[in-house]
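Tertiary structure, described
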Amino acid sequence: MYRFLLTPRWWGINVFVLLAIPFCVFMGSWQLGRFEDRVQDHRDAGEQASAAKTQAARPLAELLPVDKKTSGEQATATGRYGKQLLVPDRELDDERGFYVLTMLRTDDGKALPVVRGWLPGTADTAKAPAAPSGEVTVTGALQASETPGSNGVPAAGGLPAGQTGAISSASLVNLVPYEMYDAWITLADADPGMKAVPAAAPSDTGLDLKAFQNLGYTGEWFVFAGFVVFMWFRLLRREVESARDAELGITQDTPAEAVKAPSAS
(Lines give C-alpha, C1' and ligand atoms only; values in the text may rest on other atoms or scores of the structure.)
Protein backbone atom coordinates (compact mmCIF):
# COMPACT_ATOMS: atom_id res chain seq x y z
CA MET A 1 0.00 0.00 0.00
CA TYR A 2 2.92 2.31 0.66
CA ARG A 3 4.77 1.48 -2.53
CA PHE A 4 3.81 4.93 -3.87
CA LEU A 5 6.46 6.40 -1.55
CA LEU A 6 9.07 4.98 -3.96
CA THR A 7 7.67 6.80 -6.98
CA PRO A 8 9.63 9.79 -8.41
CA ARG A 9 6.81 12.13 -7.40
CA TRP A 10 7.02 11.14 -3.75
CA TRP A 11 10.81 11.11 -3.80
CA GLY A 12 10.57 14.77 -4.79
CA ILE A 13 8.01 15.51 -2.07
CA ASN A 14 10.09 13.79 0.61
CA VAL A 15 13.31 15.53 -0.40
CA PHE A 16 11.52 18.90 -0.34
CA VAL A 17 10.13 18.20 3.16
CA LEU A 18 13.50 17.01 4.48
CA LEU A 19 15.12 20.22 3.23
CA ALA A 20 12.31 22.64 4.09
CA ILE A 21 11.91 21.68 7.77
CA PRO A 22 15.57 22.23 8.79
CA PHE A 23 15.65 25.44 6.75
CA CYS A 24 12.56 26.82 8.51
CA VAL A 25 13.91 25.81 11.92
CA PHE A 26 17.27 27.41 11.13
CA MET A 27 15.68 30.68 9.97
CA GLY A 28 13.39 30.75 13.00
CA SER A 29 16.33 30.18 15.34
CA TRP A 30 18.33 32.89 13.57
CA GLN A 31 15.51 35.42 13.92
CA LEU A 32 15.13 34.48 17.58
CA GLY A 33 18.85 35.02 18.04
CA ARG A 34 18.53 38.47 16.47
CA PHE A 35 15.76 39.34 18.91
CA GLU A 36 17.80 38.10 21.88
CA ASP A 37 20.80 40.14 20.67
CA ARG A 38 18.63 43.28 20.57
CA VAL A 39 17.33 42.57 24.07
CA GLN A 40 20.91 42.17 25.30
CA ASP A 41 21.98 45.36 23.50
CA HIS A 42 19.09 47.16 25.18
CA ARG A 43 20.23 45.96 28.60
CA ASP A 44 23.87 46.82 27.87
CA ALA A 45 22.90 50.29 26.67
CA GLY A 46 20.94 50.92 29.88
CA GLU A 47 23.83 49.75 32.04
CA GLN A 48 26.29 51.77 29.97
CA ALA A 49 24.18 54.92 30.28
CA SER A 50 24.01 54.51 34.07
CA ALA A 51 27.74 53.92 34.32
CA ALA A 52 28.57 56.87 32.05
CA LYS A 53 26.88 59.29 34.44
CA THR A 54 29.36 58.45 37.18
CA GLN A 55 32.50 58.12 35.04
CA ALA A 56 34.99 60.94 34.65
CA ALA A 57 34.86 62.84 31.37
CA ARG A 58 37.52 61.95 28.80
CA PRO A 59 39.00 64.07 26.00
CA LEU A 60 36.98 63.95 22.81
CA ALA A 61 39.84 62.53 20.75
CA GLU A 62 40.02 59.43 22.96
CA LEU A 63 36.37 58.53 22.28
CA LEU A 64 36.28 58.89 18.50
CA PRO A 65 34.97 57.38 16.32
CA VAL A 66 31.63 57.01 18.08
CA ASP A 67 30.37 53.43 18.40
CA LYS A 68 28.07 51.49 20.71
CA LYS A 69 30.76 51.40 23.41
CA THR A 70 31.61 55.11 23.43
CA SER A 71 28.14 56.49 22.70
CA GLY A 72 26.79 58.17 25.82
CA GLU A 73 30.16 58.49 27.54
CA GLN A 74 31.12 61.85 29.01
CA ALA A 75 33.44 63.77 26.69
CA THR A 76 35.21 67.07 27.15
CA ALA A 77 36.39 69.54 24.51
CA THR A 78 37.84 73.04 24.51
CA GLY A 79 37.31 75.76 21.92
CA ARG A 80 35.30 78.82 20.99
CA TYR A 81 31.63 78.86 20.08
CA GLY A 82 30.77 79.81 16.51
CA LYS A 83 27.67 79.49 14.36
CA GLN A 84 24.41 78.64 16.13
CA LEU A 85 21.47 76.69 14.70
CA LEU A 86 18.11 75.52 15.98
CA VAL A 87 16.81 71.95 15.77
CA PRO A 88 12.98 72.11 15.70
CA ASP A 89 10.33 69.53 16.58
CA ARG A 90 12.15 67.86 19.47
CA GLU A 91 10.26 66.52 22.50
CA LEU A 92 11.40 66.62 26.09
CA ASP A 93 9.20 65.51 28.99
CA ASP A 94 6.29 65.03 26.53
CA GLU A 95 6.48 68.67 25.47
CA ARG A 96 7.32 69.92 21.98
CA GLY A 97 10.23 72.30 21.61
CA PHE A 98 13.64 72.74 19.98
CA TYR A 99 17.35 72.25 20.62
CA VAL A 100 19.85 75.08 20.64
CA LEU A 101 22.83 73.75 18.69
CA THR A 102 26.09 75.69 18.67
CA MET A 103 29.30 74.80 16.85
CA LEU A 104 32.38 74.61 19.07
CA ARG A 105 35.52 75.38 17.06
CA THR A 106 38.37 73.41 18.58
CA ASP A 107 42.11 73.99 18.31
CA ASP A 108 42.48 71.45 15.50
CA GLY A 109 40.24 73.55 13.25
CA LYS A 110 37.22 71.25 13.32
CA ALA A 111 33.82 72.14 14.74
CA LEU A 112 31.95 70.02 17.27
CA PRO A 113 28.14 70.40 17.37
CA VAL A 114 27.08 71.05 20.96
CA VAL A 115 23.47 70.89 22.12
CA ARG A 116 23.51 73.56 24.78
CA GLY A 117 19.92 72.89 25.86
CA TRP A 118 16.24 72.64 24.99
CA LEU A 119 13.50 75.26 24.93
CA PRO A 120 9.73 74.76 24.63
CA GLY A 121 7.59 76.03 21.77
CA THR A 122 8.32 76.85 18.15
CA ALA A 123 11.93 77.28 17.10
CA ASP A 124 12.74 80.98 17.31
CA THR A 125 16.20 82.55 17.26
CA ALA A 126 14.95 85.32 19.53
CA LYS A 127 14.33 82.75 22.30
CA ALA A 128 17.74 81.08 22.06
CA PRO A 129 20.35 82.46 24.48
CA ALA A 130 23.59 83.63 22.92
CA ALA A 131 26.59 81.36 23.36
CA PRO A 132 29.31 82.35 25.84
CA SER A 133 32.20 84.27 24.32
CA GLY A 134 35.87 83.43 24.65
CA GLU A 135 37.44 80.04 25.15
CA VAL A 136 35.23 77.49 26.89
CA THR A 137 35.55 73.88 27.97
CA VAL A 138 32.37 71.84 27.57
CA THR A 139 31.45 68.48 29.05
CA GLY A 140 28.60 66.30 27.84
CA ALA A 141 27.42 62.94 26.56
CA LEU A 142 28.98 61.91 23.26
CA GLN A 143 26.49 61.03 20.53
CA ALA A 144 26.73 59.57 17.02
CA SER A 145 25.45 61.53 14.05
CA GLU A 146 21.69 61.26 13.70
CA THR A 147 19.91 59.65 10.77
CA PRO A 148 16.75 61.42 9.54
CA GLY A 149 13.68 59.26 9.98
CA SER A 150 14.98 57.26 12.96
CA ASN A 151 14.94 57.74 16.73
CA GLY A 152 12.37 60.49 16.42
CA VAL A 153 14.52 62.57 14.06
CA PRO A 154 12.22 64.32 11.55
CA ALA A 155 12.96 63.57 7.91
CA ALA A 156 11.17 66.61 6.49
CA GLY A 157 13.29 69.16 4.65
CA GLY A 158 12.69 72.72 3.58
CA LEU A 159 13.44 74.22 6.99
CA PRO A 160 13.96 77.97 7.41
CA ALA A 161 17.46 79.40 7.39
CA GLY A 162 19.28 78.80 10.66
CA GLN A 163 17.59 75.45 11.33
CA THR A 164 18.52 71.81 10.75
CA GLY A 165 16.41 68.68 11.01
CA ALA A 166 19.20 66.31 12.05
CA ILE A 167 22.42 66.69 13.99
CA SER A 168 24.93 65.06 11.68
CA SER A 169 28.00 66.05 9.73
CA ALA A 170 26.19 65.24 6.48
CA SER A 171 23.33 67.62 7.31
CA LEU A 172 25.55 70.40 8.68
CA VAL A 173 28.27 70.42 6.04
CA ASN A 174 26.28 72.83 3.86
CA LEU A 175 25.08 74.98 6.77
CA VAL A 176 28.33 75.86 8.53
CA PRO A 177 31.68 77.01 7.08
CA TYR A 178 33.77 74.57 9.16
CA GLU A 179 35.02 71.04 8.87
CA MET A 180 32.80 68.95 11.15
CA TYR A 181 33.35 66.11 13.58
CA ASP A 182 31.20 63.08 12.83
CA ALA A 183 29.79 63.31 16.35
CA TRP A 184 28.10 65.74 18.74
CA ILE A 185 27.61 66.18 22.46
CA THR A 186 24.73 67.23 24.66
CA LEU A 187 25.79 69.23 27.70
CA ALA A 188 25.43 67.54 31.05
CA ASP A 189 24.37 70.90 32.51
CA ALA A 190 22.44 73.09 30.10
CA ASP A 191 23.31 76.76 29.77
CA PRO A 192 21.14 79.13 31.83
CA GLY A 193 17.50 79.36 30.76
CA MET A 194 17.42 75.96 29.04
CA LYS A 195 16.87 72.32 29.98
CA ALA A 196 19.58 69.72 29.52
CA VAL A 197 18.92 67.19 26.75
CA PRO A 198 19.46 63.59 27.91
CA ALA A 199 21.66 61.33 25.84
CA ALA A 200 19.92 59.01 23.43
CA ALA A 201 20.65 55.29 23.29
CA PRO A 202 22.87 54.13 20.40
CA SER A 203 21.03 53.06 17.27
CA ASP A 204 19.89 49.42 17.04
CA THR A 205 20.10 48.93 20.81
CA GLY A 206 16.48 49.46 21.78
CA LEU A 207 13.39 47.26 21.86
CA ASP A 208 11.97 49.03 18.83
CA LEU A 209 9.80 47.85 15.94
CA LYS A 210 12.72 46.00 14.36
CA ALA A 211 13.20 43.91 17.49
CA PHE A 212 9.57 42.81 17.57
CA GLN A 213 9.67 42.17 13.83
CA ASN A 214 12.45 39.66 14.52
CA LEU A 215 10.24 38.02 17.13
CA GLY A 216 7.31 37.91 14.70
CA TYR A 217 9.47 36.38 11.96
CA THR A 218 10.60 33.74 14.46
CA GLY A 219 7.00 32.62 14.93
CA GLU A 220 6.33 32.68 11.19
CA TRP A 221 9.25 30.39 10.35
CA PHE A 222 8.25 27.83 12.98
CA VAL A 223 4.66 27.98 11.70
CA PHE A 224 5.98 27.31 8.18
CA ALA A 225 7.84 24.26 9.48
CA GLY A 226 4.68 22.95 11.12
CA PHE A 227 2.69 23.64 7.96
CA VAL A 228 5.13 21.61 5.86
CA VAL A 229 4.75 18.64 8.22
CA PHE A 230 0.96 19.01 8.23
CA MET A 231 0.76 19.08 4.43
CA TRP A 232 3.05 16.05 4.13
CA PHE A 233 0.78 13.98 6.42
CA ARG A 234 -2.29 15.26 4.59
CA LEU A 235 -0.88 14.23 1.20
CA LEU A 236 0.22 10.88 2.63
CA ARG A 237 -3.25 10.15 4.02
CA ARG A 238 -4.94 11.03 0.73
CA GLU A 239 -2.53 8.79 -1.17
CA VAL A 240 -3.14 5.91 1.24
CA GLU A 241 -6.91 6.37 0.93
CA SER A 242 -6.63 6.42 -2.88
CA ALA A 243 -4.54 3.23 -2.84
CA ARG A 244 -7.04 1.51 -0.53
CA ASP A 245 -9.95 2.55 -2.75
CA ALA A 246 -8.12 1.21 -5.78
CA GLU A 247 -7.66 -2.18 -4.08
CA LEU A 248 -11.39 -2.27 -3.36
CA GLY A 249 -12.23 -1.31 -6.90
CA ILE A 250 -13.66 2.05 -5.90
CA THR A 251 -13.20 4.84 -8.39
CA GLN A 252 -14.52 8.38 -8.50
CA ASP A 253 -17.47 7.15 -10.59
CA THR A 254 -18.21 4.13 -8.40
CA PRO A 255 -20.04 4.65 -5.08
CA ALA A 256 -18.62 2.68 -2.17
CA GLU A 257 -22.03 1.05 -1.59
CA ALA A 258 -21.92 -0.45 -5.08
CA VAL A 259 -18.84 -2.47 -4.32
CA LYS A 260 -19.75 -6.05 -3.43
CA ALA A 261 -18.13 -7.68 -0.48
CA PRO A 262 -15.99 -10.67 -1.46
CA SER A 263 -17.79 -14.05 -1.21
CA ALA A 264 -16.93 -16.43 1.57
CA SER A 265 -16.14 -19.15 -0.98
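The structure under discussion appears in the preceding block.
**Some words on the overall build of the protein chain**
From N to C terminus, the protein chain includes four helices and seven strands. Ordered by position in the sequence, the α and β elements of the protein chain form the string α-β-α-β-β-β-β-α-β-β-α. Considering the protein chain as a whole, with its 265 residues, one finds that 34% of them fall into the buried category. Intrachain contacts of the protein chain at a sequence separation of at least 6 include 66% that bridge at least 24 residues.

**Re a negative patch on the surface**
Negative charge collects at one region of the surface, where D107, D108, E135 and E179 lie side by side. Mapped onto the fold, E135 is located in strand β5 (residues 135–143). For E135, a relative accessible area of 54% translates into the label exposed.

**A short note on the pattern of salt bridges**
Counting across every chain of the model gives seven salt bridges. Two residues, D93 and K195, come together in a salt bridge whose shortest N-O distance is 3.8 Å. Placement of D93 in the loop between β2 (74–92) and β3 (95–106) and of K195 in the loop between β7 (184–187) and α4 (209–247) is noted, with a sequence separation of 102 residues between them. With relative accessibility at 61%, the residue D93 sits in the exposed group. A relative accessible area of 38% places K195 in the partly exposed class. A salt bridge links R116 to D191; its shortest N-O distance comes to 2.6 Å. Taken together, the residues span a long stretch of sequence, with R116 in strand β4 (residues 110–120) and D191 in the loop between β7 and α4 at a distance of 75 residues. D191 sits in the buried class, given a relative accessible area of 15%. One network of salt bridges, with partners in common, ties together R58, E62 and E73.

**Topic: the side chain of D191**
A distance of 2.6 Å separates the side chain of D191 from the side chain of R116, its partner in a polar contact. Not counting residues within four places of it along the chain, the set of residues in contact with D191 comprises R116 and P132.

**Considerations on the packing of aromatic side chains**
Applying the stated criterion across every chain, the model contains four aromatic pairs. With 5.5 Å between their ring centres and 85 degrees between their planes, F23 and W221 make a pair best called edge-to-face. You can see F23 sitting in helix α1 (residues 8–54) and its partner W221 sitting in helix α4, a full 198 residues away along the chain. Residue F23 is classed as partly exposed on the basis of its relative accessible area of 44%. Here the aromatic cluster, defined as three or more aromatic residues joined through ring pairs, consists of W10, W232 and F233. Against the face of Y81 rests R116, its NZ or CZ located 5.8 Å from the ring centre.

About the criteria used
- Residues numbered from 1 in each chain as written.
- Predicted model: local features only at pLDDT ≥ 70, side-chain atom pairs only at ≥ 80, totals over all residues.
- Heavy atoms only, no water.
- Helix = DSSP H or I, 4+ residues; strand = E, 2+ residues; numbered from the N terminus.
- Buried < 20%, exposed > 50% of the residue type's maximum accessible area, 1.4 Å probe, protein only.
- Contact = heavy atoms within 4.5 Å.
- Patch = residues over 30% accessible without salt bridge, like charges linked within 9 Å, V, L, I, M, F, W, Y side chains within 5 Å.
- Areas by Shrake-Rupley, 256 points an atom, 1.4 Å probe, with all protein chains shown as cover.
- Salt bridge = Lys/Arg side-chain N within 4 Å of Asp/Glu carboxyl O.
- Lys, Arg positive; Asp, Glu negative; His and termini not counted.
- Charge placed at Lys NZ, Arg CZ, Asp CG, Glu CD.
- Polar contact = N/O pair within 3.5 Å; in protein donor to acceptor, adjacent residues only side chain to side chain.
- Phe/Tyr/Trp six-rings, centres within 6.5 Å; stacked < 30°, edge-to-face > 60°.
- Lys NZ or Arg CZ within 6 Å of the ring centre and 35° of its normal.

Treat this as a map of the structure, not an account of what it does.
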